[in-house]
Structures are given as C-alpha cells and as structure tokens.
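Observations on the three-dimensional arrangement
Spelled out from the first residue to the last, the chains are:
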Amino acid sequence: MTEPTRYSVEAVELPLPLGREPAPMKGCAGCAELAEVRDRARAGGDITTVTDCNVLIRKHPEGHK
C-alpha cells in the first residue's frame, strides 16, 4: 500500500453576509408570523431560529406570484 499524500493548506475564510434582513410581504399572515417568530427568537438570543426565519421569509414570496 502507498502512503496517502499529506500536505497542509491554509483555511479558506468565506465572507459573512450581514446585509439587510428580508421584510415580510404586506398583507400576508404567513410572512407576518415568521417575522414575529424571528423577533422573539432574537430577543431570546436564538440566532439559529432568526436565520431560519430569514431564509423562509426570503423564499416565501415565491408563493405570492
């Protein structure tokens, strides 16, 4: 058997996009609920849920078309 090639490479650091959060669609109860959950999660320090809500709000307008 041959030995595996071993070499070290510097870690790649990806940028963290900290742009604006998505706004809920006006008049949509689903978007409003996601925004409320996001606000409660942020107040409780639950950044994972904040991020999940942002993703869902960004994707949700596709259903409004």
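The present account deals with the structure reproduced in this document. (Residues numbered from 1 in each chain as written. Predicted model: local features only at pLDDT ≥ 70, side-chain atom pairs only at ≥ 80, totals over all residues. Heavy atoms only, no water.)

1. Points about the overall build of the chain
Helices and strands together make up the secondary structure of the chain, namely 2 helices and 0 strands. For the chain, the residues scored as buried account for 17% of the 65 residues in total. Within the chain, contacts between residues at least 6 apart in sequence are counted, and of these 42% link residues at least 24 apart. Element-wise, carbon and sulfur atoms account for 57% of the exposed surface of the chain, whose accessible area totals about 5900 Å². (Helix = DSSP H or I, 4+ residues; strand = E, 2+ residues; numbered from the N terminus. Buried < 20%, exposed > 50% of the residue type's maximum accessible area, 1.4 Å probe, protein only. Contact = heavy atoms within 4.5 Å. Areas by Shrake-Rupley, 256 points an atom, 1.4 Å probe, with all protein chains shown as cover.)

2. A look at the pattern of salt bridges
Summed over the entire model, instances satisfying the criterion amount to 4 salt bridges. In this structure, E21 engages R38 in a salt bridge whose closest nitrogen and oxygen atoms are separated by 3.6 Å. Here R38 lies in helix α1 (residues 29–43) and E21 lies in the segment before α1, a separation of 17 residues in the sequence. For R38, a relative accessible area of 7% gives the class buried. For R42, the salt bridge is made with D39, and the minimal N-O distance between the two is 3.8 Å. Placement of both R42 and D39 in helix α1 is noted, with a separation of 3 residues, approximately one turn of the helix. (Salt bridge = Lys/Arg side-chain N within 4 Å of Asp/Glu carboxyl O.)

3. Topic: the packing of α1 against helix α2 (residues 47–59)
Relative orientation of the contacting elements α1 and α2 amounts to 160°, with a least axis distance of 8 Å. On the basis of their axis angle, the class for α1 and α2 is roughly antiparallel. As for the relative orientation of α1 and α2, their crossing is left-handed in sense. When α1 is examined against α2, the residues C31, L34, A35, V37, R38, A41 and R42 are found in contact with a partner set consisting of T49, V50, C53, N54, L56 and I57. A per-class count over the contact of α1 with α2 returns 9 nonpolar, 2 polar and 2 charged. (Axes fitted to C-alpha atoms, helices over the stretch in contact; angles between N-to-C directions. Parallel < 35°, antiparallel > 145°, perpendicular 65-115°, else oblique. Left-handed = near helix turned anticlockwise from the far one by under 90°. Nonpolar A, V, L, I, M, F, W, Y, C, P; charged D, E, K, R; others polar.)

So, to be careful, I would describe these as geometric facts and stop short of saying anything about function.
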